[in-house]
Amino acid sequence: MKKLPFIMIIFFFISCTSVIDKKMNKESFVSDMKEIQKKHLSEYSAKDFDEFSKNAFSMYFFGTKEDNRTYRQILDEIKNTRLKAENEYNNNLIAAENAVSVRFIDKGSLKNEDIDIKYNLFKLSITNKSSNDIIELQCKIRVCTPSGEFLLENITDDLKTLKSGQSIESVYEFLVNEINEQKVFDTDMSNLKINVIPCLIVFSNNKKIVVPANPNEKTDFDL
């Protein structure tokens, strides 16, 4: 039996290597990514590929440092970062919602004709379900279309002192400056999807719950 030349053996193994296990290549980057997405969609989320396409190319090809990692190694790092962020978000959100109940009641609008200023108004019902008084509370109001298109996200002003077991209703106003804020101002509440969560809670015993941004939600920076 004839032995294959060593160079042919090396070529055989290189040619059989999956694209995802090759080092990033500037010339074939676009075609490589198309093939990787097609073959490895079950391993990574659309957001992982999105993040890779947006940031990795410039970071690894135009950065000052040479990077010798493979596509898989970089995608795994992006995926692990996302999973860690998702886990932190979910755990902290559960803790926050166990401590405080926040319910959206109504949306309104306010317009000062004299100085041409407009406000979006959001009325919330808030209950402290914890055994401790709350000395600081912020809520995040996120508004989308019924189809899920992101419109705006606002953080409420600090709410000071909410006794254990106490319930209140509070109205928050936000200045209309941008196009999406104007769209919310002009749109009937029935045509909006409004979600409210507690994002910062500080208790009287100095314990704190901070809910980070949801890594799977789009914001205006992603559009």
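Refer to the structure printed above.
A brief report on the enclosed structure follows. The structure displayed is predicted, hence computed values, not measured ones.

## Describing the overall build of the chain
Move 1: When you go through the chain residue by residue, the secondary structure sums to 5 helices and 7 strands.
Move 2: Scanning the chain from its N terminus toward the C terminus, one meets helices and strands in the order α-α-α-α-β-β-β-β-β-α-β-β.
Move 3: For the chain, the proportion of its 223 residues judged to be buried stands at 34%.
Move 4: Put simply, of all contacts in the chain between residues at least 6 apart along the chain, 69% involve residues at least 24 apart.
Move 5: Accessible area for the chain stands at about 14200 Å²; split by element, carbon and sulfur atoms hold 52% of it.

## Side note on the side chain of threonine 156
Move 1: Tracing the sequence through the fold places threonine 156 in the loop between strand S4 (150–155) and strand S5 (167–175).
Move 2: Judged by relative accessible area, which is 3%, threonine 156 ranks as buried.
Move 3: A polar contact is formed between the side chain of threonine 156 and the backbone nitrogen of cysteine 139, at a distance of 2.8 Å.
Move 4: Setting aside residues up to four positions removed in sequence, threonine 156 forms contacts with Leu124, Gln138, Cys139, Ile141, Tyr172 and Phe174.

## Focus: the pattern of salt bridges
Move 1: What the rule picks out here adds up to 11 salt bridges.
Move 2: The partner of aspartate 48 in a salt bridge is arginine 82, with the nearest N and O atoms 2.6 Å apart. Of this pair, aspartate 48 sits in helix H3 (residues 46–61) while arginine 82 sits in helix H4 (residues 71–99); the two residues are 34 residues apart in sequence, bridging distant segments of the chain. For the pair shown, aspartate 48 and arginine 82 are each scored as buried.
Move 3: The structure contains a network of salt bridges with shared partners spanning Asp21, Glu43 and Arg72.

Scoring rules and cut-offs
Residues numbered from 1 in each chain as written. Predicted model: local features only at pLDDT ≥ 70, side-chain atom pairs only at ≥ 80, totals over all residues. Heavy atoms only, no water. Helix = DSSP H or I, 4+ residues; strand = E, 2+ residues; numbered from the N terminus. Buried < 20%, exposed > 50% of the residue type's maximum accessible area, 1.4 Å probe, protein only. Contact = heavy atoms within 4.5 Å. Areas by Shrake-Rupley, 256 points an atom, 1.4 Å probe, with all protein chains shown as cover. Polar contact = N/O pair within 3.5 Å; in protein donor to acceptor, adjacent residues only side chain to side chain. Salt bridge = Lys/Arg side-chain N within 4 Å of Asp/Glu carboxyl O.

Keep in mind these values describe shape, not function.
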